[in-house]
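What follows is the residue order along each chain.
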Amino acid sequence: MEVRNSNRDDRETTDFVRAIVREDLQAGKNGGRVATRFPPEPNGYLHIGHAKSICLNFGIAREYGGTCNLRFDDTNPAKEEVEYVEAIKEDVRWLGFDWGDGLYFASDYFERLYGYAVQLIRLGKAYVDSLTAEEIRAYRGTLTEPGKESPYRNRSVEENLDLFTRMRAGEFEDGSHVLRARIDMASANLNMRDPTLYRIRRMAHHRTGDKWCIYPMYDFAHSLSDSLEGITHSICTLEFEDHRPLYDWFQETLKVERRSRQIEFARLNLNYTVMSKRKLLELVQEGLVRGWDDPRMPTICGLRRRGYTPESIRNFCERIGVARRDNVMDVALLEHSLREDLNLRAPRVMCVLRPLRLIIDNYPEGRVEELQAVNNPEDPSAGTRPVPFSRELYIEQEDFLENPPKKFFRLAPGRTVRLRYGYLVTCTNAVKNDKGEVTEVHCSYDPDSLSGEAGGPRAKATLHWVSAAHSLPAEVRLYDRLFMSENPGEGKEDFKADLNPDSLKVLQSCRMEPSLAGAQPGGRYQFERLGYFCVDPDSCPGSLVFNRTVTLRDQWAKIVRGGAL
RNA sequence: UGGGGCGUCGUCAAGCGGUAAGACACAGGUCUUUGGAACCUGCAUUCGAAGGUUCGAAUCCUUCCGCCCCAGCCA
């Protein structure tokens, strides 16, 4: 089907990063080339915050005829795993981006980076330090006091070369030596106080195996990897701003052919969730969620399993903008982007989450009619489908109230409502069990009120339903926000104290209209009047499982919440 | 008490000396066989504060206040 354009204004996207790219282009920099990169560390799964960066980097490349590489920043074997690189690739692809042949790993540059390090030593700009980690920390000084130079700072080039060669050869223990840049221990910018370039880590790397026992640090590897790839605009988040002088120092000192410009923007924050890899990992490891792809997680795979579409996430990322001030986006905007997309493409079906038997006393026993239901009112080409109607149906428990409050206009004793695509029914009485719970509702129907007859009788409310004998059983998982507070853990020792105990409700006795018999995992539907749902990978024919992606906007729920009853 | 950033509606965010875009949220309303969708209306005399420059300032200057980041052999 044709997806209508979103109502977003079509002005040229004009965030400050794109403005810089345009200026550089106009100034004739980089030979008119635009090259960006998305540089994840394969130590966890991607989340919605990464999506912002992905959309920015790949988006700019696309808009300015440039390229965007996918480069894994895998310089720390202690934390990285192949499992993550595959998952990250899948997520970027799913979001709709293509890195072409621009797939790289910082580990592919280890030999060249080593060469750069040797060059720095020859330039007298790097030295092997033999202080312990604790000593280095002590020598670094504090935010307000300058650091002290290491006693090893003035080793000769020859000695440094010899030591560094032996570090690589595996002659030393972890932590016994590091290679440091020789910059300025008194700098007000701590990153410039002789930052560590290489550390010894006798540990297998997920790609280079046992080839190396020394590994480069982020600042060194990142700056030079960008240069090696000819990246023109190296976009990263705000916390790296203080690193920019160092980023530039490497490229200047080594007089690299291709210089790149680092630009920092504010990372995305979302209310009612956490975004740090450490916290997400904690939720997974402690079994507080079912895994990285738990539909309650803000991870890309979690959102995917939840039923989000790549389009809705991309639209969200365009709408939130790119700036330098700290921000906390309202999840409502993410959900708005989702509904906007799903409304246009999700086929409608009728499903009853909490069944209440409804019997039409004056409807012939054994009779079955095939009513025609519209598949998608937003898309006439989606056509219609038959839905069986009979004497015994199920309706939603919450659609019947014995003593309805003023603003409730669904079914109640004596009330008439329309059954979607069917007839008008009037409630004659309700049957209750010993506990006083309504177990069955009896109605009479008006044979001349079939849906579709122009000018036919009307009712104040329309209910969704399912024919008891024809309906399919299914499990439906209802998700709510993972955390109860906007900023989990704020003012608390443990962010997990804010976990929402009701973030998942599993309903086992739901009833679906028969057309859903062949629903495939990943399939997205709108359950009329309830929300958007998708088929979970746990689902199989005969044992359907749905996830609630997001509810429909709901005026009634608002009234109930507002306590206006 | 060091360095680097940032402060425009509840939340994002335009604006770049000429008199406060837009989105979400919220509140009303129209329409409706989804209390959905769509559509209409309202929602910052004011831009962290105070001074100053100017015919004119959210935009320039000064001072002050507030928030974020930095002391990994993490990224």
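In short, a report on the structure. If you're wondering where the values come from, they're calculated on a predicted model, not measured in any experiment.

Points about the protein's contact with RNA strand B
The local shell around RNA strand B holds 69 residues, among which Arg201, Phe409, Arg410, Ser451 and Gly452 are the closest. Atoms of RNA strand B within 4 Å of the protein belong to the sugar or the phosphate in 66% of instances, the rest to bases. A distance of 2.4 Å is found between a base nitrogen of RNA strand B and a side-chain nitrogen or oxygen belonging to Arg410. With 4 residues, helix 12 (residues 331–345) is the largest single contributor of residues to the surface near RNA strand B. Here the residues of the surface near RNA strand B sort into 25 nonpolar, 17 polar and 27 charged.

Overview of the sheet that holds strand 24 (residues 531–535)
Read from one edge to the other, the open sheet built from 7 strands follows the order 10-23-24-25-21-22-11, with strand pairing classed as mixed. Pairing within the sheet leaves two strands with one partner each, and these edge strands are strand 10 (348–349) and strand 11 (351–352). Both strand 10 and strand 23 (residues 524–527) contribute to a ladder of 2 bridges, which runs parallel. Within strand 23, the residue paired with Val349 across the bridge is Phe527. Contacts from helix 12 reach strand 10, strand 23, strand 24 and strand 25 (544–551) within the one sheet, and its direction differs from that of strand 25 by about 120°.

A short note on a positive patch on the surface
On the surface, Arg481, Arg553, Lys558 and Arg561 cluster together into a patch of positive charge. Inspection of the secondary structure puts Lys558 in helix 13 (residues 555–561). The exposure class of Lys558 is partly exposed, given its relative accessible area of 46%.

Quick look at the packing of helix 1 (residues 16–26) against helix 2 (residues 48–63)
Helix 2 packs onto helix 1 with a crossing angle of 35° between their chain directions and a minimal axis gap of 11 Å. Crossing geometry of helix 1 relative to helix 2 is assigned as right-handed. Contact residues: helix 1 offers Val17, Arg18 and Val21, while helix 2 offers Leu56, Gly59, Ile60 and Glu63. Partitioned by chemical class, the residues of the contact of helix 1 with helix 2 number 4 nonpolar, 1 polar and 2 charged.

Some points on empty space enclosed by the protein
Evaluation of the coordinates by the stated rule reveals 1 cavity of 30 Å³ or more. When its volume is computed, the largest cavity comes out at roughly 40 Å³. For the lining of the largest cavity, a count of residues per class yields 2 nonpolar, 4 polar and 1 charged.

Focus: the environment of Arg314
Take Arg314: it is sitting in helix 11 (residues 310–320). Of the residues examined, Arg314 reaches a relative accessible area of 25% and is grouped as partly exposed. Distance from Arg314 to Tyr45, taken between C-alpha atoms, is 18 Å for residues 269 residues apart in sequence. If near-sequence neighbours (up to four positions away) are discounted, Arg314 is found in contact with Cys55, Leu95, Gly96 and Phe97.

Considering helix 7 (residues 218–229)
With 12 residues, helix 7 should reach 16 Å at 1.5 Å per residue; the first-to-last C-alpha distance of 16 Å fits that figure. Of the residues making up helix 7, those classed as buried are Asp219, Phe220, Ala221, His222, Ser223, Leu224, Ser225, Asp226, Ser227, Leu228 and Glu229. Backbone geometry just downstream of helix 7 places Gly230 in the positive-phi region, at approximately 70°.

Describing helix 1
Taken together, the buried positions of helix 1 are occupied by Val17, Arg18, Ile20, Val21, Arg22 and Asp24. Next to the buried residues of helix 1 lie helix 2, strand 8 (233–237) and strand 9 (261–265). Where helix 1 starts, the residue carrying a side-chain oxygen 3.0 Å from the main-chain nitrogen of Val17 turns out to be Asp15. Gly28 sits one or two residues past helix 1 and shows a positive phi near 75°.

A few points about the side chain of Arg296
Looking at the element boundaries, Arg296 is found in the loop between helix 9 (277–285) and helix 10 (300–306). In contact with Arg296, other than residues within four places in its own chain, are Leu288, Val289, Arg290, Arg306, Tyr479, Asp480, Leu482, Ser503 and Leu504.

With respect to the side chain of His243
Structurally, the position occupied by His243 is in the loop between strand 8 and helix 8 (244–253). The exposure class assigned to His243 is buried, which follows from its relative accessible area of 16%. There is a polar contact of 2.7 Å between the side chain of His243 and the side chain of Asp219. Leaving out residues up to four positions away in the same chain, His243 has contacts with Asn191 and Asp219.

Some points on the pattern of salt bridges
Under the definition given, this model contains 50 salt bridges. The residue Arg166 makes a salt bridge to Glu171 at a minimum N-O spacing of 2.7 Å. The partner of Arg267 in a salt bridge is Glu239, and the shortest N-O contact between them spans 2.8 Å. Of this pair, Arg267 sits in the loop between strand 9 and helix 9 while Glu239 sits in the loop between strand 8 and helix 8, and the two are 28 residues apart along the sequence. Taken together, the shared-partner salt bridges connect Arg290, Asp293, Arg305, Glu475, Arg477, Asp536 and Asp538 into one network.

Here is what the cut-offs are and how they apply
- Residues numbered from 1 in each chain as written.
- Chains lettered and ligands numbered in written order.
- Predicted model: local features only at pLDDT ≥ 70, side-chain atom pairs only at ≥ 80, totals over all residues.
- Heavy atoms only, no water.
- Near = heavy atom within 4 Å.
- Polar contact = N/O pair within 3.5 Å; in protein donor to acceptor, adjacent residues only side chain to side chain.
- Helix = DSSP H or I, 4+ residues; strand = E, 2+ residues; numbered from the N terminus.
- Nonpolar A, V, L, I, M, F, W, Y, C, P; charged D, E, K, R; others polar.
- Pairing = 2+ DSSP bridges.
- Contact = heavy atoms within 4.5 Å.
- Axes fitted to C-alpha atoms, helices over the stretch in contact; angles between N-to-C directions.
- Patch = residues over 30% accessible without salt bridge, like charges linked within 9 Å, V, L, I, M, F, W, Y side chains within 5 Å.
- Areas by Shrake-Rupley, 256 points an atom, 1.4 Å probe, with all protein chains shown as cover.
- Salt bridge = Lys/Arg side-chain N within 4 Å of Asp/Glu carboxyl O.
- Lys, Arg positive; Asp, Glu negative; His and termini not counted.
- Charge placed at Lys NZ, Arg CZ, Asp CG, Glu CD.
- Buried < 20%, exposed > 50% of the residue type's maximum accessible area, 1.4 Å probe, protein only.
- Left-handed = near helix turned anticlockwise from the far one by under 90°.
- 1 Å grid on protein atoms, 1.4 Å probe; cavity = no way out; pocket = protein on both sides within 12 Å on 5 of 7 lines; lining within 4 Å.
- Points joined across faces, edges and corners; volume = space filled by probe spheres on them.
- Expected span 1.5 Å × (residues − 1).

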